Structures are given as structure tokens and as C-alpha cells.
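Remarks on the overall topology
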Amino acid sequence: MRLFLGSVFYGWVIVAVAFVTMAIGVNARTAFSLLFPPIVDEFAWDRAATAGAFSFGFLFSAVLSPLLGKLMDRYGPRLVIEAGVAGVAIGLLLAAHISARWQLYATLGVLVGAGSVCMSYTGQAIYLPNWFVRRRGLAMSIAFSGVGVGSCCFRRSSA
């Protein structure tokens, strides 16, 4: 069954949404490198312990990744990706108000790490191929190129 929005196949709308989601989700987690120097300067925390929040976030997302397929099967991609968006948004908002190291680990590690895995490669690769029979590779590559475009925008806006 092919769904059309006017004369445009609806799968391409899904690709556009995945593009934006990837641009934000992946780069929200990796933007820690931009936040690292101001955090160390502000709180005078040990660099290793502060950088541990970044590593902890990746470890947490690695543990969550195998469970993502089960969550997508049970609740659907819409709910799981929306939960990821909420996790990243809440994590970034709360990170602006941290005062203790454990809060850094909870916000940028747990919330942003868990939220971004729902919005990144693993989350998108689970449902996106189902929309295409032909041009599946093109659709995936366009959606995943959002990471590169998002990196340019994040780096440029923070410079």
C-alpha cells in the first residue's frame, strides 16, 4: 500500500522527519565536547570525572540499544521516538541547572544518552526501511545524512 500526500509518497515525509530527528538526536549527545570546557571551568571539577558523564551516557545507550527493537515492536516507533525527544529535551533543560556531579551524570548521561539512542541510527534503522521497497538505500542515506548537517549547525552556532 502506497500512501501519498498530494503527489508525494508519504515515505519521503518520514525520511525528512528522520533527517531532522537524526540531526538533533545524535548531535545532542555528542555536543558534550562543546559543553565540557565551560563545565570544568564553572565547577572546577576533575576533568576525568566530568568526562566520565560522556562515557557513562554512551555506555547507558549501548545497554539500551538491544532493548530498543523490543520497545519499537511493542509500542511502535512513534511513541519510542517521542519518548527519546522528551528524554533529550528534559536532560538538556535540567543540565542547565546542575550543581553536583551526579546531576551531570543523570542529565547528560542517562536522560540525553537514553533519549538520543531512540532518535539515532538504531531507532531510525528499525522502522525506516519498512517504508521503501525501491530506493531504500537512498532513503536511509538521506535520513542518516542529517547527522552531518546537524554537526555543521551545532558547531557553527556554538563557535
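Calculation rules
- Positions within a chain are numbered from 1, following the residues in the order the chain's sequence is written.
- Two thresholds apply to this predicted model, a pLDDT of at least 70 for residue-level local features and 80 or more for giving and counting side-chain atom pairs, whereas whole-chain, interface and lining totals are computed over all residues.
- Side-chain metrics rest on all non-hydrogen atoms present in the structure, leaving aside hydrogens and water.
- Put simply, DSSP marks the helices as runs of H or I at least four residues long and the strands as runs of E at least two long, and each gets a number from the N terminus on.
- By this rule, a helix spans an expected 1.5 Å times one less than how many residues it contains.
- What is called the bend at a residue is the angle between a pair of axes, fitted to the seven residues leading up to and ending at it and to the seven starting from it.
- Only centres within 6.5 Å qualify two rings of Phe, Tyr or Trp (six-membered ring in Trp) as a pair; their planes then separate them into stacked at under 30 degrees, edge-to-face at over 60, and tilted for everything else.
- Note on exposure labels: buried denotes an accessible area under 20% of the residue type's maximum, exposed denotes more than 50%, and partly exposed covers the range between, all computed with a 1.4 Å probe on protein chains only.
- Structural elements are reduced to axes, namely lines fitted to C-alpha atoms, with helices fitted over the stretch in contact, and the angle between N-to-C directions of any two is expressed from 0 to 180 degrees.
- A crossing counts as left-handed when the near helix is turned anticlockwise from the far one by less than a right angle, and as right-handed when that turn is clockwise.
- When checking whether two residues touch, look at their non-hydrogen atoms; a contact exists if any pair is within 4.5 Å.
- All amino acids are sorted into three groups, where Ala, Val, Leu, Ile, Met, Phe, Trp, Tyr, Cys and Pro are nonpolar, Asp, Glu, Lys and Arg are charged, and the leftover types, Gly among them, are polar.
- Small angles under 35 degrees read as roughly parallel and large ones over 145 as roughly antiparallel, with 65 to 115 read as roughly perpendicular and the rest as oblique.

**Some details on helix α5 (residues 101-119)**
With 19 residues, α5 should reach 27 Å at 1.5 Å per residue; the first-to-last C-alpha distance of 26 Å fits that figure. Maximum bend of α5: about 30°, positioned at Val112.

**A closer look at the packing of aromatic side chains**
Counting across every chain of the model gives eight aromatic pairs. Note on Phe43 and Trp45: the rings are 4.3 Å apart at their centroids and 15° apart in plane angle, and the pair reads as stacked. By relative accessible area, Phe43 is classed as partly exposed at 26%. Given the relative accessible area of 13%, Trp45 is considered buried. Pairwise contacts between aromatic rings join Phe9, Trp12 and Phe132 into one cluster.

**Quick notes on the packing of helix α3 (residues 47-75) against α5**
Think of two packed helices as two axes; the pair is described by the angle between the axes and how far apart they sit. Two numbers describe how α3 lies on α5: the axes approach to 7 Å, and their chain directions differ by 35°. Judged by the twist between their axes, the crossing of α3 over α5 is right-handed. Contacts from Ala49, Thr50, Gly52, Ala53, Phe56, Gly57, Phe60, Ser61, Leu64, Ser65, Leu68 and Met72 of α3 reach α5 at Arg101, Leu104, Tyr105, Gly109, Val110, Gly113, Ala114, Val117 and Cys118. Counted by class, the contact of α3 with α5 contains 13 nonpolar, seven polar and one charged residues.

**So, the packing of helix α1 (residues 10-30) against helix α7 (residues 136-144)**
The N-to-C vectors of α1 and α7 enclose an angle of 30°; their axes lie 7 Å apart at closest approach. Here α1 is positioned roughly parallel relative to α7, judged by the angle of their axes. In this structure, α1 uses Trp12, Val15, Ala18, Phe19 and Met22 to contact α7, whose residues at the interface are Leu138, Ala139, Ile142, Ala143 and Phe144. The residue inventory of the contact of α1 with α7, partitioned by class, reads ten nonpolar, no polar and no charged.

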